[in-house]
Amino acid sequence: MKKKIGIIGAGISGLLACKHAMEKGFNPMVFEARSGLGGVWSQTIESTKLQTPKNFFQFSDFAWPSSVKESFPDHNQVMEYLQGYAANFNIIPRIMFNSRVTCIDYVTPSEEDLLSWDLWGGTGIAISPTGKWDVTLQDARNPSAQVVVYRMDFVILCIGNFSDLPNIPDFPLNKGPEVFGGQVLHSMDYAAMEDDCAAEFIKNKRVTVVGFQKSALDVAAEVSNRNGVENPCTLLFRSVYWTVPEYLHLFMFKCLTRFTGLMVHKPNEGFLSWILAFLLSPLLWIFSKIIECYLKWTQPLKEYNMIPTHGFFDQISSCLLSVLPDNFYGKVKEGSLLLKKSQSFSFCKSGLIIEGEGKPIAADIVIFATGYKGDEKLKNMFKSSFFQKCITGSSAPFYRECIHPRIPQLAILGYADNYTTLFTTEMRSKWVAHFLAGKFKLPSVSEMENEVTKWEECKRYYAKERYRRSCLNAMLQIYCNDQLCKDMGYNRRRKSCLITELFAPCYPKDYKYLKYH
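Residues numbered from 1 in each chain as written. Predicted model: local features only at pLDDT ≥ 70, side-chain atom pairs only at ≥ 80, totals over all residues. Heavy atoms only, no water.

Draft legend 1. Here's a closer look at the overall build of the protein chain. Per the secondary structure count, the protein chain includes 17 helices and 18 strands. On the principal axes, the C-alpha backbone points of the protein chain span a range of 65 × 60 × 45 Å. Burial analysis of the protein chain (517 residues in total) assigns 54% to the buried set. Taking contacts inside the protein chain between residues at least 6 apart in sequence as the whole, the part at least 24 apart equals 75%. Accessible surface for the protein chain amounts to roughly 23100 Å². Of this, 54% is attributable to carbon and sulfur atoms. Treating the 59 positive side-chain charges of the protein chain as one cloud and the 51 negative ones as another, the clouds have centres 4 Å apart. (Helix = DSSP H or I, 4+ residues; strand = E, 2+ residues; numbered from the N terminus. Buried < 20%, exposed > 50% of the residue type's maximum accessible area, 1.4 Å probe, protein only. Contact = heavy atoms within 4.5 Å. Areas by Shrake-Rupley, 256 points an atom, 1.4 Å probe, with all protein chains shown as cover. Lys, Arg positive; Asp, Glu negative; His and termini not counted. Charge placed at Lys NZ, Arg CZ, Asp CG, Glu CD.)

Quick look at the structure:
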């Protein structure tokens, strides 16, 4: 009898998990709450484009269509690419659309065994002879319909970090959105609108966007484009971050080589690796300072008091680098986009009260582009309080960025956040598929916990106070791929000669054919 594999989510990670599980002979079921595939790419604002060059945002065995000439395709091109991938590998028949998973529950003869296991799941292999997962489904079109429960041998969570559960700041009583005379929403809700509805929603309105990461910059730029100087958009933020133009972002990706990976310290590194990182690390500081000087020279950062207090490399290590929207500071100069920095604010009937200022910012609409509660969303998937505490009770990353040492028969894909999300997820999808097929066993629970603790220390060393366990330092991408290849028994080398192996970037296509040692 074939083992039952349940995949929750039909975004990029869900498609990859399904494709690679099918390659290993499994018949996975994919549960998707929405009516279509694509995850966050199925609901974006009109101006959304890739933040990653397409050569790095590409399936290893499915190239972009030749008609896509841009280095940073727009969201419609991305959706067409994902749909083409799903159709090419016959994934769509595996997807149950409009099927919202409300919770998953681990069923085992004795829950007391969970704490006593020396090996993951008691055996160190993917599928236990006794444990199962109950996946509870609700019809997304009819919430009053009776729920359906599917019993699975292994579950792959592909629910992502940037959807469904918005992060909106808390406010003191009578100082929050309840006293505001206008409308308050999250960027998630704005992105869910059809393009013409979104344009009509903000037309001739005074809009304030809260935040300074990718979604905030994109929404503010789009609003300022549509409303112009007659109704300028205000971008309200607490901290300033480095932002780069597309051409510089493309250049930086090409610098992510095995050689640059030698400049950073790694968990479990040997003496030679430590020495190399120690000797080469000044090059990172020099590179960071050159980029900072270039950005100050090419952008009016000083004029608008937009110079960050942290270093450029610190931000790269925190997965917080964004591409600057086209003509961003041109909009500021013409007056269609207003920049306002403040550590705190509150609502009043007519708008927002800024700390230290007497006159409020007049607003009709406030859009919070303040991120998502990824860990809480992940925690809420589990019915068991024990598994919920596994997620929120530690800040350590997952083993190989996809396995929790204490949660058996389950993998989490698409959680690791970096600048090459598709590339990162595809490698882990291959790894999980090999694990499901019994190609290797996991280390003991204590060994995995020790490993993730070392990874947390390494990540904190570079990210400092901006540490997030989901962030995977781009400088360690190739090193992480080496670990995955080693686990699967494959040769880590991707190039034909030593020079290119050391100094050329690794693209997804380099991992199309993995060869055994």
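Now that the structure has been shown, the text picks up again.
Draft legend 2. Fine view of the state of the cysteines. Summed over the entire model, instances satisfying the criterion amount to zero disulfides. The cysteine Cys18 is free of any disulfide, with Cys158 supplying the nearest cysteine sulfur at 9.6 Å. Overall, the relative accessible area of 0% leaves Cys18 in the buried class. Summary of cysteine pairing: Cys233 is not part of a disulfide, and the nearest cysteine sulfur, belonging to Cys348, is at 17 Å. (Disulfide = S-S within 2.5 Å.)

Draft legend 3. Expanded view of the packing of helix H5 (residues 195–202) against helix H6 (residues 214–227). Where H5 meets H6, the axes come as close as 10 Å, and the angle between the chain directions of the two elements is 70 degrees. Taken together, the axes of H5 and H6 are roughly perpendicular relative to one another. Between H5 and H6 lies a crossing of right-handed hand. Residue-level inspection shows Asp195, Ala198, Ala199 and Ile202 of H5 in contact with H6, the latter providing Val223, Arg226 and Asn227. In terms of residue class, the contact of H5 with H6 is made up of four nonpolar, one polar and two charged. (Axes fitted to C-alpha atoms, helices over the stretch in contact; angles between N-to-C directions. Parallel < 35°, antiparallel > 145°, perpendicular 65-115°, else oblique. Left-handed = near helix turned anticlockwise from the far one by under 90°. Nonpolar A, V, L, I, M, F, W, Y, C, P; charged D, E, K, R; others polar.)

Note that every value here comes from positions in space, so none of it alone points to a role or purpose.
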